[in-house]
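Commentary on secondary and tertiary structure
Okay, here's what each chain looks like letter by letter:
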Amino acid sequence: MEVTKLEHACQVLTRDGARLVLDPGNFTRPVDLTGVLGIVVTHAHPDHVTPEQVRRILDANPDAVVIGPAGVTTALADAGIPVDVVTDGDQRTVGPFGLAFHGTRHNLIHSSIPVIDNTGVLVDGRLFHPGDAYTVPPVPVEVLATPIGAPWLKIGELMDWVAAVAPRRAYPIHEATLSEVGLGMHVGRLREVVEPGGEVVVIAPGDTVTV
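Definitions and limits used
Residues numbered from 1 in each chain as written. Predicted model: local features only at pLDDT ≥ 70, side-chain atom pairs only at ≥ 80, totals over all residues. Heavy atoms only, no water. Helix = DSSP H or I, 4+ residues; strand = E, 2+ residues; numbered from the N terminus. Rg over C-alpha atoms; globule rule 2.2 N^0.38 Å. Buried < 20%, exposed > 50% of the residue type's maximum accessible area, 1.4 Å probe, protein only. Contact = heavy atoms within 4.5 Å. Core = buried A, V, L, I, M, F, W, Y, C linked by side-chain atoms within 4.5 Å. Arc of directions from axis to C-beta. Phe/Tyr/Trp six-rings, centres within 6.5 Å; stacked < 30°, edge-to-face > 60°. Salt bridge = Lys/Arg side-chain N within 4 Å of Asp/Glu carboxyl O.

Going by what an unreviewed UniProt entry lists, the chain is known as L-ascorbate metabolism protein UlaG (Beta-lactamase superfamily) and is assigned to Curtobacterium luteum.

Right under this line is the structure:
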């Protein structure tokens, strides 16, 4: 499976010529792709999904399905985009991709800000994208897409979470709120947890790696 990281939380997974798009939000370049069978949205915040991004993908791939927790239906309702609603423990198959969903709630940003739905996705039993939550799946995770900067994120808590997940490989995502210096600092902390014994791969937006 190939992972193409776009800006912030958006990723494109490719397997056997089929594509799966994760979290196409407004911090990401316009996603213009064909061969997309599914769009998985972890939660409804606009840095993870916008109607414009989803509509652009669906116009080029009209048979693609949109999958996400209940809150995503509201985010896409005005655009008339249906959502296959999932929550913790659900499973789906989209083309060659096996999807298992874990978690129910977004991490707390502040007591004044409502906590919304958030459901992470484990792809093919190997790659876990948590959205904006410290969800630890009840199964081993080989590859972890690791949020690295966010209003809800404290680096010490992130390190504890990564240690609990214990992936063999990790790559940072959700970096748009960080400066170059800040990203380097946080990636260094991520390496302290994953390496030695595992591997951290930093993927520049637009680049592709095989996992």
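Before going further, it helps to spend a moment on the overall build of the chain. Check the secondary structure of the chain and you find four helices and 14 strands. Relative to a compact globule of 211 residues, whose C-alpha radius of gyration would be 17 Å, the chain shows 16 Å and is just as compact. With the C-alpha coordinates aligned to their principal axes, the bounding extent of the chain is approximately 45 × 45 × 35 Å. Taken over 211 residues, the chain has a buried fraction of 48%. Counting contacts in the chain only where the partners sit at least 6 residues apart, residues at least 24 apart contribute 56% of the total.

Attention shifts here to the nonpolar core. The nonpolar side chains of a soluble globular protein tend to be buried, and buried together. Formed by 23 residues in total, the largest nonpolar core has its most connected members in L13, L20 and L99. Mapped by element, the contributors of at least two residues to this core are strand 3 (18-22), strand 8 (97-102), strand 9 (120-123), strand 11 (143-147) and strand 12 (169-173). The contact partners of L13, leaving out residues within four places of it in the chain, are M1, E2, V3, A18, R19, L20, L22, F97, V123 and L127.

Turning our attention to helix 1 (residues 51-60). By the burial criterion, the buried members of helix 1 are Q53, V54, I57 and L58. Down the axis of helix 1, the sector holding all buried residues measures 125°, keeping them to one side. Across from the buried face of helix 1, at angles greater than 90 degrees, the exposed residues are E52 and D59.

The tally for this structure, following the rule as stated, stands at two aromatic pairs. Seen from their ring centres, Y134 and W152 are 5.5 Å apart, and the 70° between their planes marks the pair as edge-to-face. One end of the pair, Y134, is in the loop between strand 10 (127-129) and strand 11; the other, W152, is in the loop between strand 11 and helix 3 (155-165), with 18 residues separating them in the sequence. Ring plane angle 35° and centroid distance 5.6 Å describe the contact between Y134 and W161, whose orientation is recorded as tilted. Here W161 lies in helix 3 and Y134 lies in the loop between strand 10 and strand 11, a separation of 27 residues in the sequence. What makes W161 buried here is its relative accessible area of 4%. What links up through ring pairs into an aromatic cluster is the set Y134, W152 and W161.

When the charged atoms of two side chains lie near each other, side chains of opposite charge can form a pair. Using the criterion set out here, one finds 13 salt bridges in the structure. In this structure, D84 engages R92 in a salt bridge whose closest nitrogen and oxygen atoms are separated by 2.8 Å. Close ionic contact of E142 with R126 constitutes a salt bridge, the shortest N to O distance being 3.0 Å. Placement of E142 in the loop between strand 10 and strand 11 and of R126 in the loop between strand 9 and strand 10 is noted, with a sequence separation of 16 residues between them. According to the relative accessible area criterion, E142 is partly exposed, its value standing at 23%. Given the relative accessible area of 23%, R126 is considered partly exposed.

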